[in-house]
Amino acid sequence: MQSYLSLHGLLLRLLKEPQQEQTLIVLDEYHRVASRVEGVEDPVEALIRMGRHGNWHVVISTQNPLDLKRSLLGIIPTLVTFQLHGEAAAVVAQTLGVEPWVIESLGVGQWLARVRTRGAAQPRRWP
């Protein structure tokens, strides 16, 4: 609980103080500290929404997208997934606009991504 409060306090401070230089924020295994309360905006959601204006960029990694709020998955500009199964594959497939079997069929070293630019988001697969 202490790490959760410390992280959220730091993120709230960043929201109040836009950075002079580009700042990269990496949150590994974010599901361990993510706010799971629906209807309350997580500071990370606010950072992502305001990121370009505040001069920061956020990278979130998790092994289980089911542990993240659906609202967070919807606003992430670039989403990269490796092979998932079951409900996790269905949730990410819906976010990416593909069928779940596409995500379930990814092999070792393959990934699928949605990259949002000024144009429409397009799923991309590698290799």
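Given the structure is predicted, the values throughout are model-derived calculations rather than measurements. (Residues numbered from 1 in each chain as written. Predicted model: local features only at pLDDT ≥ 70, side-chain atom pairs only at ≥ 80, totals over all residues. Heavy atoms only, no water.)

Caption draft 1: Quick peek at the overall build of the protein chain. Regarding its fold elements, the protein chain presents five helices and five strands. Moving toward the C terminus, one meets the helices and strands of the protein chain in the order α-β-α-β-α-β-α-α-β-β. Buried residues in the protein chain amount to 37% of all 127 residues. Sequence separation of at least 24 residues holds for 54% of the intrachain contacts in the protein chain that already meet a minimum separation of 6. (Helix = DSSP H or I, 4+ residues; strand = E, 2+ residues; numbered from the N terminus. Buried < 20%, exposed > 50% of the residue type's maximum accessible area, 1.4 Å probe, protein only. Contact = heavy atoms within 4.5 Å.)

Caption draft 2: Quick peek at the nonpolar core. Judged by nonpolar contacts, the single largest core of 29 residues is most densely connected at Ile25, Tyr30, Val44, Leu47, Leu72 and Ile103. At the level of elements, helix H1 (2–16), strand S1 (23–27), helix H2 (43–54), helix H3 (70–75), helix H4 (86–96) and helix H5 (100–104) are the ones that each hand at least two residues to this core. The biggest single contributor to this core is H4, with six residues. Setting aside residues no more than four positions away along its own chain, valine 44 makes contact with Leu11, Leu27, Tyr30, Val58, Ile60 and Leu72. (Core = buried A, V, L, I, M, F, W, Y, C linked by side-chain atoms within 4.5 Å.)

Caption draft 3: Layout of a nonpolar patch on the surface. A cluster of nonpolar side chains, Leu24, Val26 and Val59, forms an exposed patch at the surface whose accessible area comes to about 280 Å². Positionally, valine 26 belongs in strand S1. The exposed category is assigned to valine 26, whose relative accessible area is 54%. (Patch = residues over 30% accessible without salt bridge, like charges linked within 9 Å, V, L, I, M, F, W, Y side chains within 5 Å. Areas by Shrake-Rupley, 256 points an atom, 1.4 Å probe, with all protein chains shown as cover. Salt bridge = Lys/Arg side-chain N within 4 Å of Asp/Glu carboxyl O.)

Caption draft 4: Expanded view of the side chain of arginine 114. Relative to the elements of secondary structure, arginine 114 occurs in strand S4 (residues 111–115). In this structure the side chain of arginine 114 is engaged in a polar contact, spanning 3.0 Å, whose partner is the backbone oxygen of threonine 95. (Polar contact = N/O pair within 3.5 Å; in protein donor to acceptor, adjacent residues only side chain to side chain.)

Caption draft 5: Broad picture of the environment of leucine 96. Counting through the fold element by element, leucine 96 comes out in helix H4. In this structure, the C-alpha to C-alpha distance between leucine 96 and leucine 79, residues 17 residues apart in sequence, is 8.0 Å.

Caption draft 6: View of the confidence of the model for the protein chain. Looking at the protein chain as a whole, its pLDDT mean stands at 78, while 77% of the residues score no less than 70. In the model of the protein chain, strand S5 (residues 122–126) stands out as the element of lowest mean pLDDT, 59, in contrast to H5, which has the highest, 95. (pLDDT = per-residue confidence, 0-100.)

Caption draft 7: A look at the environment of leucine 112. Turning to its location among the elements, leucine 112 is positioned in strand S4. Sequence spacing of leucine 112 and valine 80 is 32 residues, and the spatial spacing of their C-alpha atoms is 5.8 Å.

Caption draft 8: Summary view of the side chain of threonine 81. Residue placement: threonine 81 occurs in strand S3 (residues 78–81). Threonine 81 gets classed as buried once you look at its relative accessible area, which sits at 5%. If near-sequence neighbours (up to four positions away) are discounted, threonine 81 is found in contact with Val92, Leu96, Ile103, Leu106, Trp111 and Leu112.

Caption draft 9: Main features of the environment of phenylalanine 82. With respect to the secondary-structure elements, phenylalanine 82 resides in the loop between S3 and H4. Spatially, the C-alpha atom of phenylalanine 82 lies 8.7 Å from that of glutamate 104, the residues being 22 residues apart in sequence. The contacts of phenylalanine 82, once residues within four sequence positions are left out, are Ile103, Leu106, Gln110 and Trp111.

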